Amino acid sequence: MLQDFHLRRRAAVGKRWCPAASHNTPRVARYAVRAKASASIPAPGSMLPEFSTSSPSQPWQLAVLGDLHLPPPRMQLYREAQQQLRGLLLQQQEGEQGGSTAAAAGGNEAAAPPAAAAGDAAAVRPVGRLVQLGDLGHGKHASGSRSCFEFARQYLDGFGVPYSLITGNHDLEGEEFESDEENLEAWSQVFQRPPYWCAQLGVARVVGLSTVRYRSNRNSHHEVFIPPEQLSWLEGQLRAHPTTPFIITSHAPPMGCGLKVIQEVHIKNRCAWLNHSAQPPDPDPRVFLSLVSRHPNIKLWFSAHFHLAHNYHDSISVVGSTAFVQVGVIGECNRDGLRQSRLLRGDPSGYQLLTLDHSTGALRLDMQDSWGLYDTASSQYDTASSSGQQYGSSSSSASSSPHPPPPTPLLPPGEELLCDPQAGWLCSQQLECRVGDNSTGFMTWYPVGRDTILALQAGGLLVEYDLSTAAPIGLLTRVPEGG
């Protein structure tokens, strides 16, 4: 019944907030408009030239925004956050120059972008870019509708820098559409973007992956599903560019990445991870971590979906040489009272990852690392900083390794760190436990098969874990006290 409900149009659609009532256009006319608009949309998997930088040596700044859920009647916080990010992304482009010092290793103070050298300002001045990770609309204001997309486009245009975006689960719940394909097509028309794409920022390549299912998801409508064609394309990109650092963006994170997750929301509904509930012939949720293990040039993977801040131990998690990065929200739809976005600064040697606190406007350094570019001649990863660059490893001596060294996140200062003792093993990357073990006083483990183990928390929640990825995959029940 729920799926039939989502497949029907509701008479109430026309009565909801809609600044541009395009869904009231006669159906035949809408098909003609779509055919014309689709002709100018880049093909899926296209390189986006307007989003890319002009040179590999060009320093850049990339603002990464999480779930927006824009509420048209209450936009003040969003406008304030927009102005904060505009100031960071545009100030260098508008010629504001000054001295800058790279952050010291292990410190938490953000370094300013590299200063422009005298007589060569345009060559080294960082350029600003922005990527948004999906979930544009608010449930009370026709999320997933064409009018929602048009309102979000106006907001994103206001940042004044080239941007791109991907879809989230709520972007495909538009009630005016009869299928996921029709909904996704409207999104592509409004933003003139294919659902998956790439762009070149300096020496790094940014990739956007989009969910393509909502109504047609078989288990949870809100599962973020990446189809086989996007996975094949991504694998092809990684194989074709083995020495290029990759930055991947998706609305939800991969299973096994180790990021903090909300057990009674996303685990309970089996929509926490990419392809969380997928069954053959759909791609298995474990395929994404397998991809990471085969391609160490995946340096950063950004995701949102959980509406959580950056102040937890596991807001950044490292698996192999890949850092998985949680991105918070800029509006009221947070789960912990914090409004934050990410800012990634890059140059030919490496990157800085920072948090922008929208309540205070303060920047905090969360991680800094070299790209660790692979040298095919020596079969080694170069971990030394390039001369004169700002963002690489702070080590003064060159080093090389047959494997890229993992980046090291910096924990937030003690007064900012959020401790969550109830998280238990829901944030674990490595499942080192013994049957019946309750040494933590919070979790007791029970085997149920070769691939699964159950964890009974002190609060009575019985959680199912996948052993191969050490990831929670289902909330089974709440066990009564003494049960």
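A brief structural summary. (Residues numbered from 1 in each chain as written. Predicted model: local features only at pLDDT ≥ 70, side-chain atom pairs only at ≥ 80, totals over all residues. Heavy atoms only, no water.)

### Observations regarding the packing of aromatic side chains
No. 1: Taken as a whole, this structure holds twelve aromatic pairs when the rule is applied.
No. 2: Taking the centre distance of 5.3 Å and the plane angle of 85° together, the rings of Tyr155 and Phe159 count as edge-to-face.
No. 3: With relative accessibility at 1%, the residue Phe159 sits in the buried group.
No. 4: Stacked on the ring of Phe225, the Lys or Arg Arg213 has its end atom at 3.6 Å from the ring centre. (Phe/Tyr/Trp six-rings, centres within 6.5 Å; stacked < 30°, edge-to-face > 60°. Buried < 20%, exposed > 50% of the residue type's maximum accessible area, 1.4 Å probe, protein only. Lys NZ or Arg CZ within 6 Å of the ring centre and 35° of its normal.)

### Quick look at the nonpolar core
No. 1: Within the largest apolar cluster, 43 residues are counted, with the highest numbers of intra-cluster contacts made by Val207, Leu234, Trp273, Trp301 and Phe324.
No. 2: Ignoring any residue separated from it by four or fewer positions in sequence, one finds Trp301 in contact with Ile248, Ser250, Pro254, Leu274, Phe288, Val292, Thr322, Ala323, Phe324 and Val325.
No. 3: Among the nonpolar cores identified, the runner-up in size contains 40 residues, and Cys148, Phe177, Trp187 and Leu343 belong to it. (Core = buried A, V, L, I, M, F, W, Y, C linked by side-chain atoms within 4.5 Å. Contact = heavy atoms within 4.5 Å.)

### Considerations on the sheet that holds strand β20 (residues 471-478)
No. 1: Across the sheet, which stays open at both edges, the four strands sit in the order β17-β18-β19-β20 with antiparallel pairing between neighbours. Whereas interior strands pair on both sides, the edge strands pair on one side only; in this sheet they are β17 (443-447) and β20. Strand-to-strand, the axes of this sheet are offset by a mean angle of 25°, without reference to chain direction.
No. 2: As defined by bridge partners, β17 adjoins strand β18 (residues 452-457) across five bridges and the pair is classed as antiparallel. The partner of Trp445 across the bridge, within β18, is Ala455. (Pairing = 2+ DSSP bridges. Helix = DSSP H or I, 4+ residues; strand = E, 2+ residues; numbered from the N terminus. Axes fitted to C-alpha atoms, helices over the stretch in contact; angles between N-to-C directions.)

### Thoughts on the packing of helix α7 (residues 228-240) against helix α9 (residues 287-294)
No. 1: Close contact between α7 and α9 brings their axes to 11 Å; oriented N to C, the two are set at 5°. Here α7 lies roughly parallel to α9, going by the angle between them. Within the contact between the two elements, α7 uses Leu231, Leu234, Glu235 and Leu238 and α9 uses Val287, Phe288, Leu291 and Arg294.
No. 2: Residues belonging to the contact of α7 with α9 are distributed by class as follows: six nonpolar, no polar and two charged. (Parallel < 35°, antiparallel > 145°, perpendicular 65-115°, else oblique. Nonpolar A, V, L, I, M, F, W, Y, C, P; charged D, E, K, R; others polar.)

### Structural notes on helix α3 (residues 76-90)
No. 1: In a regular helix each residue adds 1.5 Å, so 15 residues correspond to 21 Å; α3 covers 21 Å between its end C-alpha atoms and thus fits that length.
No. 2: For α3, the secondary structure elements touched by its buried residues are β2 (60-65), β3 (127-132), α5 (146-157), β11 (340-346), β12 (350-357) and β13 (363-370). (Expected span 1.5 Å × (residues − 1).)

### Details of the sheet that holds strand β4 (residues 163-165)
No. 1: Pairing is mixed across the open sheet formed by six strands, whose spatial order is β4-β3-β2-β11-β12-β13. On the outer flanks of this sheet lie β4 and β13, each paired with one strand and no other. On average, each strand axis in the sheet is tilted by 20° relative to the strand beside it, whichever way the strands run.
No. 2: Where β11 lies against β12, seven bridges are found, and the strand directions are antiparallel. Bridge pairing in β12 links Leu344 to Leu353.

### Let's talk about the pattern of salt bridges
No. 1: For the coordinates displayed, the defined rule picks out 14 salt bridges.
No. 2: Of the charged contacts in the structure, one is a salt bridge between Asp282 and Arg218, with a shortest N-O distance of 3.0 Å. One end of the pair, Asp282, is in the loop between α8 (263-267) and α9; the other, Arg218, is in the loop between β6 (204-208) and α7, and 64 residues separate them in sequence.
No. 3: Assessed through its relative accessible area of 16%, Asp282 is described here as buried.
No. 4: Across the pair Arg294 and Glu235 runs a salt bridge whose closest N-O atoms are separated by 2.4 Å. On the criterion of sequence distance, the pair formed by Arg294 in helix α9 and Glu235 in helix α7 is long-range, its members being 59 residues apart.
No. 5: Within this structure, Arg342, Arg364, Asp366 and Glu416 form a network of salt bridges that share partners. (Salt bridge = Lys/Arg side-chain N within 4 Å of Asp/Glu carboxyl O.)

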